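# Structural characterization, general
One letter stands for each residue in the lines below.
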Amino acid sequence: ERVFRLEIETLDKVREGVNGDYVKAAELLFRCSGKVVVTGVGKSGLIAQKIASTMVSTGTPAIFLHPGEGMHGDVGIVRKGDVVLAISKSGESEELLSLLFYVNKIGVPVISITAEPKSALAQSSYLVLHTPVDEEACPLNLAPTSSTTVALVVGDGLAMALMKKR
């Protein structure tokens, strides 16, 4: 019951904060002439994989790029015309920030999903989708639970908006 309550409360809080940036994100993704490159590390990376898969299933060209692999050559998949969707609760994951240094250098816009709107990730993003998380459902408040649920729902929302626009 506690897990359901905490994750639902987190979803409700994020839903209340949905603003024009979410619409701008959907519009940017819709106008993307290339592909959506979804990225994240750890549990956020697993959520990024699912979001990329959902986008592909619903008609949006998308691919998952692991930041570690990206920094060992796979970043070459990112091209002008693409949009990067970066997921990180803290917005301070070193591997992700290293990848985004290159992405920003070539001028590819970044949309971030993060709980920390003043993070390094947010500062290197064109658009920030703020997903505040007061408490993870983990009894130690450590394991990503509420944060991954909300990132997944935001990603699903973007995928469904794109599918509907298409």
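Here, every reference points to the structure presented above.
Just so it is clear, the structure is predicted and the values come from calculations on it, not from any experiment. (Residues numbered from 1 in each chain as written. Predicted model: local features only at pLDDT ≥ 70, side-chain atom pairs only at ≥ 80, totals over all residues. Heavy atoms only, no water.)

### Thoughts on the layout of surface pockets
A volume near 200 Å³ is recorded for the largest pocket. Lining the largest pocket are 17 residues, with Ser 44, Ser 88, Lys 89, Ser 90 and Ser 147 sitting closest to its centre. Breaking the lining of the largest pocket down by element, the ones donating at least two residues are helix H3 (43-57) and helix H7 (146-165). Across the lining of the largest pocket, the residue classes tally to eight nonpolar, seven polar and two charged. (1 Å grid on protein atoms, 1.4 Å probe; cavity = no way out; pocket = protein on both sides within 12 Å on 5 of 7 lines; lining within 4 Å. Points joined across faces, edges and corners; volume = space filled by probe spheres on them. Helix = DSSP H or I, 4+ residues; strand = E, 2+ residues; numbered from the N terminus. Nonpolar A, V, L, I, M, F, W, Y, C, P; charged D, E, K, R; others polar.)

### As for the side chain of Ser 119
Along the chain, the position of Ser 119 falls in the loop between strand S4 (110-114) and helix H6 (120-123). If near-sequence neighbours (up to four positions away) are discounted, Ser 119 is found in contact with Ser 90, Gly 91, Glu 92 and Thr 114. (Contact = heavy atoms within 4.5 Å.)

### What to know about the sheet that holds strand S3 (residues 83-87)
Taken in spatial order, the five strands make up an open sheet running S2-S1-S3-S4-S5, and their pairing is parallel. Taken across any chain shown, the strands that pair with only one partner, and hence form the sheet edges, are strand S2 (62-64) and strand S5 (127-130). Averaged over all neighbouring strand pairs, the angle between strand axes comes to 20°, with direction disregarded. Of the strand pairs in this sheet, S4 and S5 are connected by four bridges, and their pairing is parallel. Considered in S5, the bridge of Ile 111 is made with Leu 127. Of the strands in this sheet, strand S1 (36-40), S3, S4 and S5 are in contact with helix H2 (residues 20-31), which crosses S5 at around 130°. (Pairing = 2+ DSSP bridges. Axes fitted to C-alpha atoms, helices over the stretch in contact; angles between N-to-C directions.)

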